[in-house]
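Examination of the molecular architecture
So you can see what is in the structure, the chains are spelled out below.
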Amino acid sequence: YLEGYVFEDGEQLLGYGMVAKSFSTEFGKPCIWIEDIYIEPQFRGMGIGSKFLDFVWERYRQRVVRIRLEAEPENARAMAVYRKAGFEVLGYTQLVREL
(Lines give C-alpha, C1' and ligand atoms only; values in the text may rest on other atoms or scores of the structure.)
Protein backbone atom coordinates (compact mmCIF):
# COMPACT_ATOMS: atom_id res chain seq x y z
CA TYR A 1 0.00 0.00 0.00
CA LEU A 2 3.02 2.27 0.24
CA GLU A 3 5.87 2.77 -2.19
CA GLY A 4 9.06 4.56 -1.26
CA TYR A 5 11.49 6.20 -3.64
CA VAL A 6 15.00 7.42 -2.97
CA PHE A 7 16.45 10.31 -4.97
CA GLU A 8 20.17 9.91 -5.38
CA ASP A 9 23.05 10.97 -7.55
CA GLY A 10 25.51 8.12 -7.47
CA GLU A 11 26.26 7.58 -3.78
CA GLN A 12 24.76 10.88 -2.62
CA LEU A 13 21.28 10.92 -1.08
CA LEU A 14 19.27 13.87 -2.44
CA GLY A 15 15.90 13.12 -0.86
CA TYR A 16 12.96 10.74 -0.95
CA GLY A 17 9.30 10.42 -1.88
CA MET A 18 6.48 8.19 -0.66
CA VAL A 19 3.23 7.27 -2.41
CA ALA A 20 0.29 5.62 -0.62
CA LYS A 21 -2.39 3.72 -2.51
CA SER A 22 -6.02 4.24 -1.56
CA PHE A 23 -9.56 3.94 -2.86
CA SER A 24 -11.84 6.91 -3.45
CA THR A 25 -15.42 6.20 -2.46
CA GLU A 26 -16.24 9.61 -3.93
CA PHE A 27 -15.28 8.38 -7.42
CA GLY A 28 -15.46 4.62 -6.92
CA LYS A 29 -11.94 4.14 -8.21
CA PRO A 30 -8.38 3.91 -6.88
CA CYS A 31 -6.42 7.02 -6.04
CA ILE A 32 -3.00 7.72 -4.61
CA TRP A 33 -1.60 10.14 -2.07
CA ILE A 34 1.85 11.57 -2.38
CA GLU A 35 2.62 11.27 1.31
CA ASP A 36 6.08 12.79 1.37
CA ILE A 37 8.47 14.61 -0.86
CA TYR A 38 11.64 15.60 0.91
CA ILE A 39 14.65 17.13 -0.80
CA GLU A 40 17.81 17.89 1.17
CA PRO A 41 18.10 21.70 1.47
CA GLN A 42 21.27 21.97 -0.62
CA PHE A 43 19.54 20.21 -3.54
CA ARG A 44 16.27 22.15 -3.58
CA GLY A 45 15.51 24.19 -6.69
CA MET A 46 17.20 21.66 -8.98
CA GLY A 47 13.97 20.15 -10.36
CA ILE A 48 14.11 16.92 -8.33
CA GLY A 49 10.61 17.35 -6.90
CA SER A 50 9.21 18.20 -10.32
CA LYS A 51 10.82 15.11 -11.81
CA PHE A 52 9.27 12.98 -9.07
CA LEU A 53 5.82 14.47 -9.75
CA ASP A 54 6.28 13.73 -13.47
CA PHE A 55 7.32 10.17 -12.61
CA VAL A 56 4.24 9.66 -10.43
CA TRP A 57 1.98 11.08 -13.15
CA GLU A 58 3.39 8.75 -15.81
CA ARG A 59 3.33 5.71 -13.53
CA TYR A 60 -0.25 6.12 -12.27
CA ARG A 61 -2.27 8.22 -14.70
CA GLN A 62 -3.84 5.18 -16.39
CA ARG A 63 -4.53 3.38 -13.09
CA VAL A 64 -6.03 5.96 -10.73
CA VAL A 65 -8.70 8.64 -10.82
CA ARG A 66 -6.91 11.17 -8.62
CA ILE A 67 -3.46 12.00 -7.28
CA ARG A 68 -3.54 13.92 -4.01
CA LEU A 69 -1.02 15.59 -1.80
CA GLU A 70 -0.98 18.00 1.11
CA ALA A 71 1.11 21.11 1.50
CA GLU A 72 1.39 24.00 3.89
CA PRO A 73 0.07 27.08 2.04
CA GLU A 74 2.91 29.20 3.44
CA ASN A 75 5.44 26.93 1.70
CA ALA A 76 5.35 29.10 -1.41
CA ARG A 77 8.15 27.26 -3.16
CA ALA A 78 6.45 23.87 -2.87
CA MET A 79 3.05 25.32 -3.76
CA ALA A 80 4.53 26.79 -6.95
CA VAL A 81 6.02 23.41 -7.91
CA TYR A 82 2.72 21.62 -7.29
CA ARG A 83 0.66 24.17 -9.22
CA LYS A 84 3.12 24.03 -12.12
CA ALA A 85 2.64 20.25 -12.15
CA GLY A 86 -1.14 20.72 -12.51
CA PHE A 87 -2.30 20.34 -8.91
CA GLU A 88 -5.18 22.50 -7.67
CA VAL A 89 -6.28 23.40 -4.17
CA LEU A 90 -9.33 21.38 -3.10
CA GLY A 91 -12.21 23.03 -1.31
CA TYR A 92 -12.09 20.48 1.49
CA THR A 93 -11.38 21.11 5.12
CA GLN A 94 -9.42 18.25 6.57
CA LEU A 95 -10.11 17.28 10.15
CA VAL A 96 -8.08 15.07 12.44
CA ARG A 97 -8.40 13.56 15.89
CA GLU A 98 -5.12 12.50 17.41
CA LEU A 99 -4.95 9.30 19.44
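Below is a short write-up of the structure. (Residues numbered from 1 in each chain as written. Predicted model: local features only at pLDDT ≥ 70, side-chain atom pairs only at ≥ 80, totals over all residues. Heavy atoms only, no water.)

Thoughts on the overall build of the protein chain
For the protein chain, the helix and strand inventory stands at 2 helices and 4 strands. In the protein chain, the succession of α and β elements from N to C terminus is β-β-β-α-β-α. For the protein chain, the spread of C-alpha atoms along the principal axes amounts to about 40 × 35 × 30 Å. By the burial criterion, 28% of the 99 residues in the protein chain qualify as buried. Entry remark: accessible area of the protein chain is about 7,700 Å², with carbon and sulfur atoms responsible for 51%. Here the protein chain contributes 13 positively and 15 negatively charged side chains, and the mean placements of these two sets differ by 7 Å. (Helix = DSSP H or I, 4+ residues; strand = E, 2+ residues; numbered from the N terminus. Buried < 20%, exposed > 50% of the residue type's maximum accessible area, 1.4 Å probe, protein only. Areas by Shrake-Rupley, 256 points an atom, 1.4 Å probe, with all protein chains shown as cover. Lys, Arg positive; Asp, Glu negative; His and termini not counted. Charge placed at Lys NZ, Arg CZ, Asp CG, Glu CD.)

A look at helix H1 (residues 48–60)
Turn by turn, an α-helix covers 3.6 residues, leaving residues three or four places apart pointing in a common direction. End to end, H1 covers 18 Å across 13 residues, agreeing with the expected 18 Å (1.5 Å per residue, within 8%). Next to the buried residues of H1 lie strand E1 (2–9), strand E2 (12–24), strand E3 (29–39), strand E4 (66–69) and helix H2 (76–84). (Expected span 1.5 Å × (residues − 1). Contact = heavy atoms within 4.5 Å.)

Here's the deal with the pairing of E1
Of the strand pairs in this sheet, E1 and E2 are connected by 8 bridges, and their pairing is antiparallel. Each bridged residue has a counterpart across the sheet, and for Asp9 the counterpart in E2 is Gln12. Taken together, E1 and the strand that follows it, E2, pair antiparallel across an intervening segment of 2 residues, in which Gly10 is found at a positive phi of about 70°. (Pairing = 2+ DSSP bridges.)

Some details on a negative patch on the surface
On the surface, Glu35, Asp36, Glu70, Glu72 and Glu74 cluster together into a negatively charged patch. Mapping Glu70 onto the fold places it in the loop between E4 and H2. (Patch = residues over 30% accessible without salt bridge, like charges linked within 9 Å, V, L, I, M, F, W, Y side chains within 5 Å. Salt bridge = Lys/Arg side-chain N within 4 Å of Asp/Glu carboxyl O.)

Remarks on the sheet that holds E4
Strands belonging to one sheet form pairs held by backbone hydrogen bonds; the direction of such a pair is parallel or antiparallel. Strand order in this open sheet of 4 strands is E1-E2-E3-E4, and the pairing throughout is mixed. Each having just a single partner strand, E1 and E4 make up the two edges of the open sheet. With strand direction ignored, the average angle separating the axes of adjacent strands in the sheet is 25°. Across the face of the sheet, H1 comes into contact with E1, E2, E3 and E4 while running at roughly 165° to E3. (Axes fitted to C-alpha atoms, helices over the stretch in contact; angles between N-to-C directions.)

Remarks on the nonpolar core
Note on soluble globular proteins: their nonpolar side chains tend to be buried together. Of all hydrophobic cores here, the largest spans 19 residues; its most connected members are Ile34 and Val56. Those elements that provide at least two residues to this core are E1, E2, E3, H1, E4 and H2. With 5 residues, H1 is the single largest residue contributor to this core. Among residues more than four places away in sequence, those in contact with Val56 are Val19, Ile32, Ile34, Arg61 and Ile67. (Core = buried A, V, L, I, M, F, W, Y, C linked by side-chain atoms within 4.5 Å.)

Comments concerning the packing of aromatic side chains
Scanning the model with the defined rule gives 6 aromatic pairs in all. A network of ring pairs unites the aromatic residues Tyr5, Phe7, Phe52 and Phe55 as a single cluster. (Phe/Tyr/Trp six-rings, centres within 6.5 Å; stacked < 30°, edge-to-face > 60°.)

Honestly, it's all geometry; don't read function into it.
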